[in-house]
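Chain residues, written in single-letter form:
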Amino acid sequence: MDMQALFKISHGVYITGAIDTAGRLIGSCVDSVMVTEVAPPQVLVSLSKESYTCQNVLKTHELTLSVLAQNVPNEVITRFGTMSSRTADKWVPDSYHLVSGLPVLNDSVATLFLTVLKAIETEHHHIFLCRVVQAQMGSNRTAVPLIYADYQQQKKENKMMEQTTNKKWVCTVCGYVYDGDVPFEDLPEDWVCPLCGEPKSVFVQE
Ligand code: FE
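Basis of the calculations
Residues numbered from 1 in each chain as written. Predicted model: local features only at pLDDT ≥ 70, side-chain atom pairs only at ≥ 80, totals over all residues. Heavy atoms only, no water. Pairing = 2+ DSSP bridges. Helix = DSSP H or I, 4+ residues; strand = E, 2+ residues; numbered from the N terminus. Donors = N, O, S within 2.8 Å, 3.2 Å for Na, K, Ca; no water. Tetrahedral: all angles 85-135°; square planar, octahedral: opposite > 155°, others 65-115°. Phe/Tyr/Trp six-rings, centres within 6.5 Å; stacked < 30°, edge-to-face > 60°. Buried < 20%, exposed > 50% of the residue type's maximum accessible area, 1.4 Å probe, protein only. Disulfide = S-S within 2.5 Å. Axes fitted to C-alpha atoms, helices over the stretch in contact; angles between N-to-C directions. Contact = heavy atoms within 4.5 Å. Core = buried A, V, L, I, M, F, W, Y, C linked by side-chain atoms within 4.5 Å. Salt bridge = Lys/Arg side-chain N within 4 Å of Asp/Glu carboxyl O.

J.: Got a minute to help me understand the pairing of strand β9 (residues 125-137) in this structure?
T.: Along a regular strand, successive side chains alternate from one face of the sheet to the other. Bridge count for strand β4 (residues 41-48) against β9 is 7 bridges, and the pairing is antiparallel. Its bridge partner being in β9, Ser48 is matched across the sheet by His125. Relative to β9, strand β8 (residues 110-121) runs antiparallel, the two sharing 11 bridges. Each residue of the ladder has a partner; that of Thr111, found in β9, is Gln136.

Written out as structure tokens, the structure is:
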């Protein structure tokens, strides 16, 4: 089975908002959302069982979705997608507002407030069938919604850029790899290789 085939089925990227039993605002990054009905409006949201947000939505039966824009700062996805709400406060003051007590991102394309009608348990997820109770366009309503395939492409490009900028300076005489804190370009002209004593000019970028 070629798993690459599964990744060709693309979808949007969203931030869920919820509240835990202690009243803390929590949330996560999700990509498995699907509108199943429009009258009355219903959506499916799939959350990993290990996610703190999932475990709390099972108890509260309420959550929000913020639709991310294509130009969303990477930092937002990293914060919501890689940290756990168990320990991290992901909702940065002034970046969100509350809809019926649950957080949504100010800078989103659109927001939904959902109540859970049914939770379907799979091996690793709970799939929530939800009623859309409130739907609003966000302050970033004219932006193109972020698609997972575009996000993956962006990540790949960022990584390639990082690798290009992180090239190592290597001494062509002895093979010493410069690993100092000062950028190699900023070293003084009379700096010499600490291993063989040759000048800066014999170093090449690899
Ligand atoms: Fe050297």
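Additional details are given in the paragraphs that follow.
J.: Looking at this model, I keep getting lost on unusual backbone geometry. Mind explaining?
T.: Residues other than glycine predominantly adopt negative phi, and peptide bonds predominantly adopt the trans conformation. Of note, the amide linkage connecting Ala39 to Pro40 takes the cis form, showing an omega dihedral of -5°. Of note, Pro40 is situated in the loop between β3 (33-38) and β4.

J.: Help me understand the coordination of the iron ion in this model?
T.: Ideal geometry at a metal gives 109.5 degrees between four tetrahedral donors and either 90 or 180 degrees between six octahedral ones. The coordination sphere of the iron ion contains the protein donors Cys171 (SG), Cys174 (SG), Cys193 (SG) and Cys196 (SG), at a distance range of 2.3 Å. In this structure, the iron ion is surrounded by 4 donor atoms whose angles at the metal cover 102 to 115°, and the resulting shape is tetrahedral. When the donors of the iron ion are listed by position in the chain, the intervening gaps give C-x2-C-x18-C-x2-C. With a gap of 22 residues between them, Cys171 in strand β10 (residues 169-171) and Cys193 in the loop between β10 and β11 (203-205) connect regions that are remote in the sequence.

J.: Explain the packing of aromatic side chains to me, please; I cannot follow it from the model alone.
T.: In this description, a pair of aromatic rings is defined by centroid distance and the angle of the planes. In total, this model carries 10 aromatic pairs according to the counting rule given. Plain terms: the ring middles of Trp91 and Tyr96 are 5.7 Å apart, the flat faces sit at 70° to each other, and that makes the pair edge-to-face. Owing to a relative accessible area of 7%, Trp91 belongs among the buried residues under this scheme. Given the relative accessible area of 24%, Tyr96 is considered partly exposed.

J.: Please explain the state of the cysteines as it appears in this structure.
T.: In protein structure, a disulfide is the covalent linkage between the sulfur atoms of two cysteines. Tallied over the entire structure, the rule returns 0 disulfides. No disulfide involves Cys54; its sulfur sits 11 Å from the nearest other cysteine sulfur, which is in Cys130. Since its relative accessible area comes to 0%, Cys130 is described here as buried.

J.: Help me understand the sheet that holds β9, please; the structure alone is not making it clear to me.
T.: In sheet architecture, strand pairing relies on hydrogen bonds along the backbone and comes in two forms, parallel and antiparallel. Ordered by their spatial adjacency, 7 strands build an open sheet running β2-β1-β5-β8-β9-β4-β3, and the pairing between neighbours is antiparallel. Because the sheet does not close on itself, it has two edges, and the strands there are β2 (25-30) and β3. For this sheet, the mean angle separating the axes of adjacent strands, direction not counted, is 30°. Helix α3 (residues 74-82) contacts β1 (14-19) and β2 of the sheet and is inclined by roughly 110° relative to β2.

J.: Looking at this structure, how should I read the nonpolar core?
T.: For soluble globular proteins, nonpolar side chains are generally found buried alongside one another. Core analysis: the largest hydrophobic core is formed by 23 residues, its most contacted members being Val45 and Leu114. Taken together, the elements giving at least two residues each to this core come down to β1, β2, β4, α2 (52-60), β5 (62-67), β8 and β9. In terms of nonpolar packing, the next biggest core, distinct from the first, is built from 12 residues, Leu25, Ile77, Leu105 and Leu146 among them.

J.: What is the right way to look at the pairing of strand β6 (residues 96-99) in this model?
T.: Examined bridge by bridge, β6 and strand β7 (residues 102-105) share 4 bridges and lie antiparallel to one another. Along β7, the bridge assignment pairs Leu98 with Pro103. Linking β6 back to β7 in an antiparallel pair, the connection comprises 2 residues, with Ser100 at a positive phi of about 50°.

J.: What's the story with the environment of Ile77 in this structure? I'm lost.
T.: Positionally, Ile77 belongs in helix α3. Sequence separation between Ile77 and Gln152 is 75 residues, and the spatial gap between their C-alpha atoms is 12 Å. If we ignore the near neighbours within four places in the chain, the residues touching Ile77 are Cys29, Leu68, Val72, Thr82, Leu146 and Tyr151.

J.: Just to check I follow, could you spell out the pattern of salt bridges for this structure?
T.: Working definition: two side chains of opposite charge can pair if their charged atoms are close together. This model, assessed by the stated rule, comprises 5 salt bridges. The salt bridge involving Lys49 is made with Glu121; its shortest N-O contact spans 2.8 Å. In this pair, Lys49 sits in the loop between β4 and α2 while Glu121 sits in strand β8, placing the two residues 72 residues apart along the sequence. Under the relative-accessibility criterion, Lys49 is labelled partly exposed at 25%. Residue classification places Glu121 among the exposed positions, given a relative accessible area of 56%. Measuring nitrogen to oxygen at the nearest pair gives 2.6 Å for the salt bridge that ties Glu75 to Arg79. Placement of both Glu75 and Arg79 in helix α3 is noted, with a separation of 4 residues, approximately one turn of the helix. Its relative accessible area of 11% is what places Arg79 among the buried residues. One salt-bridge network, held together by shared partners, links Asp20, Arg24 and Asp89.

Purely geometric numbers; function is a separate question.
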